[in-house]
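Observations on chain architecture
Each chain is listed here by its residues.
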Amino acid sequence: MKTNSKLAILQLMSGLFGWVWIIASLAALYFLAVAAFSDGLWSNFFWAVGISVVAKWLTRGIEDNKTRVAFEAKLVEEGHTPEEAGNIWLQQYSSNGSVDLPSNNIETIVQEYGGVLENSAPAPGCVSDSKNLPYSKQEIQQALIAALNLSTDPQIKEHLKTGYISLADWQDGVGDSDIGLDVSTLDMSQDTQALAKAVLEQSEGSEKWNVLVRQEQEVLKQELQALGLW
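Residues numbered from 1 in each chain as written. Predicted model: local features only at pLDDT ≥ 70, side-chain atom pairs only at ≥ 80, totals over all residues. Heavy atoms only, no water.

1. Here we look at the overall build of the protein chain
- Within the protein chain, the regular secondary structure consists of 8 helices and 2 strands.
- The helix and strand sequence of the protein chain, counted from the amino end, reads α-α-α-α-β-α-α-β-α-α.
- Once local pairs closer than 6 in sequence are excluded, the contacts in the protein chain between residues at least 24 apart make up 75%.
- For the protein chain, the exposed surface amounts to about 13600 Å²; the carbon and sulfur share of it is 56%. (Helix = DSSP H or I, 4+ residues; strand = E, 2+ residues; numbered from the N terminus. Contact = heavy atoms within 4.5 Å. Areas by Shrake-Rupley, 256 points an atom, 1.4 Å probe, with all protein chains shown as cover.)

2. Focus: helix 6 (residues 154-166)
- Along its 13 residues, helix 6 runs 18 Å from first to last C-alpha, staying within 8% of the 18 Å computed at 1.5 Å per residue.
- On the buried face of helix 6, the contacting elements are helix 4 (106-119), helix 5 (137-150), strand 2 (170-171) and helix 8 (207-226).
- The opening residue of helix 6 is Asp 153, an N-cap whose side-chain oxygen sits 2.8 Å from the backbone nitrogen of Gln 155. (Expected span 1.5 Å × (residues − 1). Polar contact = N/O pair within 3.5 Å; in protein donor to acceptor, adjacent residues only side chain to side chain.)

3. Description of the packing of helix 5 against helix 6
- Axis separation between helix 5 and helix 6 bottoms out at 10 Å; the angle between their running directions is 160°. Relative to helix 6, helix 5 is oriented roughly antiparallel. The handedness of the crossing between helix 5 and helix 6 comes out as left-handed. On helix 6, the residues that touch Gln 141, Leu 144, Ile 145, Ala 147 and Leu 148 of helix 5 are Lys 157, Leu 160, Lys 161, Gly 163 and Tyr 164.
- The class makeup of the residues in the contact of helix 5 with helix 6 is 6 nonpolar, 2 polar and 2 charged. (Axes fitted to C-alpha atoms, helices over the stretch in contact; angles between N-to-C directions. Parallel < 35°, antiparallel > 145°, perpendicular 65-115°, else oblique. Left-handed = near helix turned anticlockwise from the far one by under 90°. Nonpolar A, V, L, I, M, F, W, Y, C, P; charged D, E, K, R; others polar.)

4. Looking at the nonpolar core
- Grouped together as the largest cluster of nonpolar side chains are 26 residues, with contacts concentrated most on Tyr 113, Ile 140, Leu 144 and Leu 167.
- For this core, the elements supplying multiple residues, two or more each, are helix 4, helix 5, helix 6 and helix 8.
- Counting residues per element, this core draws most heavily on helix 5, at 7 residues.
- Setting aside residues up to four positions removed in sequence, Leu 167 forms contacts with Tyr 113, Leu 133, Lys 137, Ile 140, Gln 141, Leu 144, Glu 216 and Leu 220.
- Grouped together as the second largest cluster of nonpolar side chains are 6 residues, Ala 35, Trp 42, Phe 45 and Ala 48 included. (Core = buried A, V, L, I, M, F, W, Y, C linked by side-chain atoms within 4.5 Å. Buried < 20%, exposed > 50% of the residue type's maximum accessible area, 1.4 Å probe, protein only.)

5. With respect to helix 8
- Counted at 1.5 Å a residue, the expected span for helix 8 with its 20 residues is 28 Å, and the 29 Å between its end C-alpha atoms agrees.
- All of the buried residues along helix 8 are Trp 209, Val 211, Val 213, Arg 214, Glu 216, Val 219, Leu 220, Gln 222, Glu 223 and Leu 224.
- Two residues or fewer past helix 8, Gly 228 is found with a positive phi of approximately 75°.

6. With respect to the confidence of the model for the protein chain
- Residue-level pLDDT values for the protein chain average 78, and 77% of them are 70 or greater.
- Residue range residues 95-100 is modelled with pLDDT below 50. Its contacts to residues more than four positions away, or to other chains, number 11 contacts. (pLDDT = per-residue confidence, 0-100.)

7. Points about the side chain of Glu 216
- Tracing the sequence through the fold places Glu 216 in helix 8.
- Judged by its relative accessible area of 18%, Glu 216 is buried.
- Polar contacts involving the side chain of Glu 216 include one to the side chain of Gln 171, which spans 2.6 Å.
- Discounting chain neighbours no more than four positions away, the residues touching Glu 216 are Lys 137, Leu 167, Ala 168, Trp 170 and Gln 171.

8. Structural notes on the environment of Trp 57
- Note on placement: Trp 57 falls in helix 2 (residues 42-77).
- Here Trp 57 falls in the partly exposed class, since its relative accessible area comes to 44%.
- In this structure, the C-alpha to C-alpha distance between Trp 57 and Trp 21, residues 36 residues apart in sequence, is 9.0 Å.
- There is a polar contact of 3.4 Å between the side chain of Trp 57 and the side chain of Gln 217.

The structure is reproduced here in structure tokens:
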């Protein structure tokens, strides 16, 4: 498929999901007001929020993909091969450097990170501070890549890839408490006004972190693809 055709399709998809995002966001505000002040169903609000979050994530992902397609097409026009263009794009958008990792530490790092994923990972839609990881992100990435190259078990490889992408859920500078809407922590027995206040308080300030998480997830996926591990 030609570059212009790809960009046109991506633009159409981005516009479609963008409108879904806007409409679902407005609907969420409406259902929040109805639930808080008119005894409406809270399930309508949470459904609208969920649709809005997914549509926004898809919109951002498509926009990032448009940037990548246009960037790589320009490099190909300048004489680079498609493979070279892909690698240059990764270098431009990835901040990960090379870390020397002793081979005998690979299993330890992977196991400790797996324990964090199992027992203390941020809730869906939330972001945690990277200081809560047992090792630096770069060390964990290097260990996961090494483990992926060594493993022959398809199921284990899928878990390792999921763990690699999940590193985006930890960001620098978040603070001592996770940020984002964690429905599991809400007290549904409290009155509607108090519940609405709790929802708004948890959601406040999470937007910029959600953007960073989505961007890093895409970069991490591209890294695995470039290494032939995805």
